[in-house]
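Spelled out, the chains give:
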Amino acid sequence: MDPSSLGVVFDHTALLALGAGNQLVSQVVSQAHLQHGWYVYAPALCLAAAVAERPSLADHVGMLPAVEVVELGYAGATAVGKLVANGVDWRTAQAIDAARPSLDWPTGRPVVTTTPRAYVGRGIDTISFS
């Protein structure tokens, strides 16, 4: 990965804020659209949780080319299932998994959220806004 690359994971609270027109979150998406090497990831379970509260959000996020929905395949389902079994709320479990270091993101990615306490002790960084 290019050292100038920036990737962030939007949890369900960030997605809800995006749908509500939060300027800070919207600017992150706009910059990801304009800047080469900027990426916004929306884990599928986070999107599902946000859509449960704001149904029209699915179409909005689906039309944004700068937001990549992270699918929940076998490896992800296994990791998320273990997190949930250990008491992690299902709405944040896939965000935690997506934020962890991987081959593509060796140092991991921060989670953009309004609830940073949900991620304490999980070994990932957060970007908090309100």
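Procedures and definitions
Residues numbered from 1 in each chain as written. Predicted model: local features only at pLDDT ≥ 70, side-chain atom pairs only at ≥ 80, totals over all residues. Heavy atoms only, no water. Helix = DSSP H or I, 4+ residues; strand = E, 2+ residues; numbered from the N terminus. Rg over C-alpha atoms; globule rule 2.2 N^0.38 Å. Buried < 20%, exposed > 50% of the residue type's maximum accessible area, 1.4 Å probe, protein only. Areas by Shrake-Rupley, 256 points an atom, 1.4 Å probe, with all protein chains shown as cover. Lys, Arg positive; Asp, Glu negative; His and termini not counted. Charge placed at Lys NZ, Arg CZ, Asp CG, Glu CD. Contact = heavy atoms within 4.5 Å. Polar contact = N/O pair within 3.5 Å; in protein donor to acceptor, adjacent residues only side chain to side chain. Pairing = 2+ DSSP bridges. Axes fitted to C-alpha atoms, helices over the stretch in contact; angles between N-to-C directions. pLDDT = per-residue confidence, 0-100. Parallel < 35°, antiparallel > 145°, perpendicular 65-115°, else oblique. Left-handed = near helix turned anticlockwise from the far one by under 90°. Nonpolar A, V, L, I, M, F, W, Y, C, P; charged D, E, K, R; others polar.

**Side note on the overall build of the protein chain**
Part 1 of the reasoning: The secondary structure content of the protein chain amounts to six helices and five strands.
Part 2 of the reasoning: Along its sequence from the N terminus, the protein chain presents helices and strands in the succession β-α-α-β-α-α-β-α-α-β-β.
Part 3 of the reasoning: Here the protein chain has a C-alpha radius of gyration of 14 Å; the compact-globule value for 130 residues is 14 Å, and the two agree.
Part 4 of the reasoning: In terms of its C-alpha atoms, the protein chain occupies a principal-axis envelope of roughly 35 × 35 × 25 Å.
Part 5 of the reasoning: Burial status across the protein chain gives 40% buried among its 130 residues.
Part 6 of the reasoning: Counting every atom, the protein chain has about 7200 Å² of accessible surface; 55% of that belongs to carbon and sulfur.
Part 7 of the reasoning: For the protein chain, the distance from the average position of its 7 positive side-chain charges to the average position of its 10 negative side-chain charges is 10 Å.

**Some details on the side chain of His12**
Part 1 of the reasoning: By the element assignment, His12 lies in helix H1 (residues 12–19).
Part 2 of the reasoning: Classification of His12 as buried rests on a relative accessible area of 6%.
Part 3 of the reasoning: Those residues in contact with His12 that lie beyond four places of it in its chain are Cys46, Ala49, Ala50, Arg91 and Thr92.

**Points about the side chain of Asn22**
Part 1 of the reasoning: Following the sequence through the fold, Asn22 ends up in the loop between H1 and helix H2 (23–34).
Part 2 of the reasoning: Separated by 3.0 Å, the side chain of Asn22 and the backbone nitrogen of Leu24 make a polar contact.
Part 3 of the reasoning: Other than its neighbours up to four places away in sequence, Asn22 contacts Ala17, Phe129 and Ser130.

**Section: the sheet that holds strand S5 (residues 126–128)**
Backbone hydrogen bonds hold the strands of a sheet together, and the pairing may be parallel or antiparallel.
Part 1 of the reasoning: Overall, parallel pairing links the five strands, which are arranged S3-S2-S1-S4-S5 in an open sheet. At either end of the open sheet lies a strand with only one pairing partner, and these are strand S3 (67–70) and S5. Here the average twist between neighbouring strands, direction ignored, is 30°.
Part 2 of the reasoning: Sheet topology note: the strand S1 (residues 6–10)/strand S4 (residues 111–113) ladder contains two bridges and is parallel. Across the sheet, residue Phe10 finds its bridge partner in S4, namely Val112.
Part 3 of the reasoning: Against the sheet, H1 engages S1, strand S2 (38–43) and S4, with an angle of about 90° to S1.
Part 4 of the reasoning: Those strands touched by H2 are S1, S2 and S3, and its axis lies near 125° from that of S2.

**Thoughts on the confidence of the model for the protein chain**
Part 1 of the reasoning: The pLDDT averaged across the protein chain works out to 95; a share of 97% of its residues lies at or above 70.
Part 2 of the reasoning: Across the protein chain, element-level confidence peaks in S4 with a mean pLDDT of 98 and bottoms out in helix H4 (residues 57–62) with 94.

**A word on the packing of helix H3 (residues 44–53) against helix H6 (residues 90–99)**
Part 1 of the reasoning: The contact between H3 and H6 brings their axes to 7 Å, and the two run at 150°. Here H3 is positioned roughly antiparallel relative to H6, judged by the angle of their axes. Along this stretch, H3 crosses H6, giving a crossing that reads as left-handed. From H3, Ala44, Leu45, Cys46, Ala49 and Glu53 reach across to H6, where they touch Trp90, Arg91, Gln94 and Ala95.
Part 2 of the reasoning: Looking at side-chain class alone, the contact of H3 with H6 contains six nonpolar, one polar and two charged residues.

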